[in-house]
Amino acid sequence: MEEITNVMEYEEIAKKKLPKMVYDYYASGAEDQWTLAENRNAFSRILFRPRILIDVSKIDMTTTVLGFKISMPIMIAPTAMQKMAHPEGEYATARAASAAGTIMTLSSWATSSVEEVASTGPGIRFFQLYVYKDRNVVAQLVRRAERAGFKAIALTVDTPRLGRREADIKNRFVLPPNLTLKNFEGLDIGTMDKANDSGLASYVAGQVDRTLSWKDVQWLQTITSMPILVKGVLTAEDARIAVQSGAAGIIVSNHGARQLDYVPATITALEEVVKGAQGRVPVFLDGGVRRGTDVFKALALGAAGIFIGRPVVFSLAAEGEAGIRKVLQMLRDEFELTMALSGCRSLSEITRNHIVTDWDAPRTALPAPRL
């Protein structure tokens, strides 16, 4: 096999290796998949304004997220049912994240439990939460995550109902019979039945609470001391309410373009959300990040860090833990190179002036500094 030189190359390998139902589940977006393409395309409408003749012999990519020091602002987003991609599933992801010195977010719908993931060894881990109709289930799950050493909750807020993913409907998607949603095993809600459409859509309709509202964000704070990240914010209005509701951070996300089609790319929505948060909480981004240049662009627009989703499951399918390690290393190396070539030696030196977007007003040159 030819050497893999970028993150995108793993998708083709995964497509060849995985059953169609599984690949389609990971790869597809909602309805026309306009936002799916736009999540990527929008990055290409942001260009660099590199600064030259700066000593870039030493570059520091470290950062802190909710007080936890990590090696780079590149983290792992929650993606469901990773054992469909590889037998080691979430175990492999946890080990790769830990080795890279970064954060993994475990999905509620993981095929490994919070306790199993914790057993892989040390690491900073967040837990993604779906709020079920049965709040006792939610409280129990949050307590288990906290006991297992998870450090934050990423509350997904864009899924009162599952988006219409037509590939899953055509394929009659269902979790393969040898797997279960491990966090719900023993609660009789760890299995998914065959349905006339997407088995997952039917499962969500039966289990996930459509009444979820801002008051539940406040309720969650009464049952856990873990900070809460609100995942799925796309507007300044909701950024303001998230801050008022006690969120410790915001993740600008359109759920990998799998929920409402024709929402903007996350990189397009980012600046508005950052303005809405008014510097009171950190704002993160997921969706469409495939290059180190994308990471730099997100930080230049005000993100405190980014999360990757599909690159994790595709590289996991292709090469297991080693694949995820390679993805994290490639993104790290590309990001470091982008910083050097832009004249930035630390994350604090990455500014809005290092990029120009197609929505910027035409720039008038600033007066040159006297040397």
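Taking an unreviewed UniProt entry as the reference, the protein is identified by name as (S)-2-hydroxy-acid oxidase belonging to Anisodus tanguticus. In its Sequence similarities (unreviewed entry) section, the UniProt entry covering the protein states "Belongs to the FMN-dependent alpha-hydroxy acid dehydrogenase family."

On to the overall build of the protein. Along the backbone of the protein there are 13 helices and 12 strands. Here the C-alpha radius of gyration of the protein, 20 Å, is about what a compact globule of 371 residues would show, namely 21 Å. Summarising its shape, the C-alpha atoms of the protein cover approximately 70 × 50 × 40 Å along the three principal directions. Here the protein holds 371 residues, and 55% of them are scored as buried. Looking at the protein alone, contacts between residues at least 24 apart form 73% of all its contacts between residues at least 6 apart. Of the accessible surface of the protein, which amounts to about 16,000 Å², a share of 52% is contributed by carbon and sulfur atoms. If you average the places of the 44 positive and of the 41 negative side-chain charges in the protein, the two averages end up 2 Å apart.

A full pass over the atoms with the stated rule returns 11 aromatic pairs. Ring geometry for phenylalanine 48 versus phenylalanine 296: centroids 5.4 Å apart, planes at 85 degrees, classification edge-to-face. Here phenylalanine 48, found in strand S1 (residues 46–48), pairs with phenylalanine 296, found in helix H12 (residues 292–300); they are 248 residues apart in sequence, far enough to count as distant. Ring geometry for phenylalanine 284 against phenylalanine 307: centres 5.9 Å apart, planes inclined by 75 degrees, an arrangement best described as edge-to-face. Taken as a pair, phenylalanine 284 in strand S10 (residues 283–286) and phenylalanine 307 in strand S11 (residues 305–308) lie far apart in primary sequence, 23 residues in all. For the pair formed by phenylalanine 284 and phenylalanine 307, the shared burial category is buried. Clustering of aromatic rings is evident, with ring pairs tying together Trp109, Tyr130, Tyr132, Phe184 and Tyr203. Over the aromatic face of phenylalanine 48 sits the side chain of lysine 297, whose NZ or CZ is 5.3 Å from the ring centroid.

Note that arginine 291 resides in the loop between S10 and H12. For arginine 291, a relative accessible area of 28% translates into the label partly exposed. Taking the C-alpha atoms as reference, arginine 291 lies 9.1 Å from arginine 332; in sequence the two are 41 residues apart. There is a polar contact of 3.0 Å between the side chain of arginine 291 and the side chain of glutamate 334.

Ranked by size, the top nonpolar core spans 110 residues in total, and within it Met81, Trp109, Leu129, Leu200, Ile250, Ile267 and Phe335 carry the most contacts. The dominant element in this core, judged by the number of residues it contributes, is helix H13 (residues 310–342), at 13 residues. Setting aside anything within four residues of it in sequence, one finds isoleucine 250 in contact with Leu229, Val230, Val233, Ala239, Ala242, Val273, Ala277, Val281, Pro282, Val283 and Phe284. Among the nonpolar cores identified, the runner-up in size contains 12 residues, and Ile70, Met75, Ile103 and Phe126 belong to it.

Mapped onto the elements of the fold, proline 19 is located in the loop between helix H1 (9–17) and helix H2 (20–27). Residue proline 19 is classed as partly exposed on the basis of its relative accessible area, which comes to 48%. Separated by 48 residues in the primary sequence, proline 19 and glycine 67 have C-alpha atoms spaced 41 Å apart.

Definitions and cut-offs
Residues numbered from 1 in each chain as written. Predicted model: local features only at pLDDT ≥ 70, side-chain atom pairs only at ≥ 80, totals over all residues. Heavy atoms only, no water. UniProt positions renumbered as here; feature names shortened; annotations may be inferred. Helix = DSSP H or I, 4+ residues; strand = E, 2+ residues; numbered from the N terminus. Rg over C-alpha atoms; globule rule 2.2 N^0.38 Å. Buried < 20%, exposed > 50% of the residue type's maximum accessible area, 1.4 Å probe, protein only. Contact = heavy atoms within 4.5 Å. Areas by Shrake-Rupley, 256 points an atom, 1.4 Å probe, with all protein chains shown as cover. Lys, Arg positive; Asp, Glu negative; His and termini not counted. Charge placed at Lys NZ, Arg CZ, Asp CG, Glu CD. Phe/Tyr/Trp six-rings, centres within 6.5 Å; stacked < 30°, edge-to-face > 60°. Lys NZ or Arg CZ within 6 Å of the ring centre and 35° of its normal. Polar contact = N/O pair within 3.5 Å; in protein donor to acceptor, adjacent residues only side chain to side chain. Core = buried A, V, L, I, M, F, W, Y, C linked by side-chain atoms within 4.5 Å.

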